[in-house]
Amino acid sequence: MSEQSTELRETVRRRYAAAAVKVTEGGTACCGPQPVETDENFGSTLYASDERDALPAEAVAASLGCGTPTAVADLHEGERVLDLGSGGGIDVLLSARRVGPTGKAYGLDMTEEMLELALANAEKAGATNVEFLKGTIEAIPLPANTIDVVISNCVINLSTDKAAVFAETFRVLTPGGRIGVSDVVADDNLTSRQRAERGDHVGCVAGALSFAEYREGLEAAGFVNVEITPTHPVADGMHSAVVRATKPRTGARPSRATGSADTCCGANACCTPAETSVDPGVPVAEAKSASGCGCGS
C-alpha cells in the first residue's frame, strides 16, 4: 500500500473512531446518544421509521450511510449476510432480523471503537445471530464460498483499492451469491479532479467510482448481472446509488494473472477433465477452493 493510501485509510479510521466515541459518550448524557452530524443525503433518516424504532438508539445515531442496503438486498430466512464497513451495526442488526435464527449476519470493520459500539448495540438488541469481525474490506477474514449476500452502505467508495474489495467480495460469496450495496457513484464525464472538487475522500465523494468504472470493476472480478441505479444526488454529478450483482453459479472468470480465457479459479482448463493447477505444487481442488471458484471442484 502506498504512503498516500495508508494516510487516507488512517484519516477514514480516525473519522469513524471519533463518530463512535461521540455516540458512546452521548449515550451517557441526559438526552441520549447524539447522532453523528451529516447532511440530508446521509445518515439514519434514510431508513424507515419503523426500522429505526426497532433498534438501539446508539445504532441509529451512528449511521453514516448513503442508503439502505438491507432494503435492496432481498434477504431471506436462513441466509448468511456480510456487511462491509459495518460501523455501529445498524445494517447488521436489520439483516439479522430478516434472515432469522437460522441465518447469520456478519459485520466487518477496521475501527476498534465502532466494533465496540456495534457489540454493545447487538447486546442491547438481543441479537444472537450476529458476529462482528475486525479487518479491512480489501482482505476479508472469512473463507471462500461462505456468504450468500454481501451488503455495504457507502463504504466501498472509501477504499483505496477497490479492485481488491471486488475480488474479495467475489471470493467469499457462494456460487449464485449476490451483492446489494449502497454507494456514491459519479457521472462518467467527471474526472477524478472534478470529483475531488465536490467533496473530500472521507466525505464519500472524492474516492467514488464512475458508473462505468464501477461496472467494469465488478465484471473484472467475475460478477454478472451488474445493475447500478441512482437513487438521489449527493453533489453535482454525484449520486447515491444501489448496486446489485451476482456471482455465477457455474463457470468461472478469467484469471487476471494470465489473461487466458482457459485459465480460471487457479486452474488451467477449469472444470474440464483436463484441468490442472496453475501452481504445480498445489492440488487442483485446493487451488479452486482458495480462489472461490464458482464451478465446483
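Residues numbered from 1 in each chain as written. Predicted model: local features only at pLDDT ≥ 70, side-chain atom pairs only at ≥ 80, totals over all residues. Heavy atoms only, no water.

**Points about the overall build of the protein chain**
The condition that has to hold: Numbered from the N terminus, helices here are DSSP runs of H or I no shorter than four residues, and strands are runs of E no shorter than two. Remark: exposure states derive from per-residue accessible area (1.4 Å probe, protein chains only) relative to the maximum for the residue type, with buried under 20%, exposed over 50%, and partly exposed in between. For this analysis, residues touch if any pair of their heavy atoms sits within 4.5 Å. Working definition of accessibility: Shrake-Rupley area with a 1.4 Å probe, residue cover restricted to the visible protein chains.
Assigned secondary structure in the protein chain consists of nine helices and eleven strands. Split into buried and exposed, the 297 residues of the protein chain put 52% on the buried side. Long-range contacts, defined as pairs at least 24 residues apart, comprise 68% of the intrachain contacts of the protein chain with a sequence gap of at least 6. Element-wise, carbon and sulfur atoms account for 51% of the exposed surface of the protein chain, whose accessible area totals about 13,000 Å².

**Focus: the pairing of strand β7 (residues 224-235)**
We apply this condition: At least two bridges found by DSSP between two strands is the condition for calling them paired.
As paired strands, β7 and strand β8 (residues 238-246) are joined by eight bridges and run antiparallel to one another. Across the sheet, residue V224 finds its bridge partner in β8, namely T246. Between β7 and β8, which follow one another and run antiparallel, lie two residues, and G237 among them has a positive phi close to 80°.

**Structural notes on the nonpolar core**
The test is simple: Side-chain atoms within 4.5 Å are what join buried Ala, Val, Leu, Ile, Met, Phe, Trp, Tyr and Cys residues into a set we call a nonpolar core.
Core analysis: the biggest nonpolar cluster contains 31 residues, and L82, I179, Y214, L218 and F223 have the highest contact counts within it. If you list the elements that add at least two residues to this core, you get β1 (80-84), β2 (104-109), β4 (147-153), α6 (162-172), β5 (173-186), α8 (211-221), β7 and β8. In this structure L218 touches F166, I179, F223, V226, V243 and A245, once residues within four positions along its chain are discounted. Ranked by size, the runner-up nonpolar core spans nine residues in total, among them V92, A105, L115 and V130.

**Things to note about the packing of α6 against α8**
Rule in force here: Only the stretch in contact is used when a helix axis is fitted, and all axes are lines through C-alpha atoms; the angle between N-to-C directions ranges over 0 to 180 degrees. Orientation is classified from the angle alone, with under 35 degrees giving roughly parallel, over 145 giving roughly antiparallel, 65 to 115 giving roughly perpendicular, and any other angle giving oblique. Left-handed is the label given to a crossing in which the near helix is rotated counterclockwise from the far helix by less than a right angle, and right-handed is the label when the rotation is clockwise. Any residue that is not Ala, Val, Leu, Ile, Met, Phe, Trp, Tyr, Cys, Pro, Asp, Glu, Lys or Arg is counted as polar, Gly included; the first ten are nonpolar and the last four charged.
Closest axis-to-axis distance for the α6/α8 pair is 9 Å, and the angle between their directions is 45°. Between α6 and α8, the interaxial angle falls into the category oblique. Here α6 and α8 pass one another in a crossing that is right-handed. Where α6 abuts α8, its residues F166, A167 and F170 lie against Y214, G217, L218 and A221. Per-class residue counts for the contact of α6 with α8 are six nonpolar, one polar and no charged.

**Remarks on the pairing of β5**
Short version of the rule: The handedness of a crossover follows from its direction of travel: if, with the strands pointing away from the viewer, the path from the first strand over the helix to the second runs clockwise, the crossover is right-handed.
Across the 14 residues of β5, 13 count as buried, placing the element largely inside the fold. Across six bridges, β4 lies against β5 in parallel orientation. The partner of V149 across the bridge, within β5, is R178. Note on the crossover from β4 through α6 to β5: the handedness is right-handed. Pairing between β5 and β8: nine bridges, direction antiparallel. When the sheet's bridge partners are listed, A186 is paired in β8 with M238. Here two bridges tie β5 to strand β6 (residues 209-210), and the two strands are oriented parallel to one another. By the bridge assignment for β6, V185 is matched with L209.

**Here's the deal with the environment of A105**
As for its placement among the helices and strands, A105 is situated in strand β2. Between the alpha carbons of A105 and V150 there is a distance of 9.8 Å; along the sequence they are 45 residues apart. In contact with A105, not counting residues within four places along its chain, are V81, V92, S95, A96, N129, V130 and E131.

**Section: the pattern of salt bridges**
Cut-off, in case you're wondering: Salt bridges, as used here, are contacts in which a Lys or Arg side-chain nitrogen is within 4 Å of a carboxyl oxygen on Asp or Glu.
For the structure on display, the rule yields nine salt bridges. In this structure, the salt-bridge partner of E79 is R178, at a minimum N-O distance of 2.9 Å. Taken together, the residues E79 in the loop between α3 (57-61) and β1 and R178 in strand β5 connect sequence positions 99 residues apart. We note that E79, like R178, is buried. In this structure, R215 and E219 form a salt bridge, with 3.9 Å as the shortest nitrogen-oxygen distance. Here the residue R215 and the residue E219 both occupy positions in helix α8, the gap between them amounting to four residues, near one helical turn. Assessed through its relative accessible area of 33%, R215 is described here as partly exposed. Take E219: its relative accessible area is 43%, and that puts it in the partly exposed class.

None of the figures reported here should be taken as evidence of function without further support.
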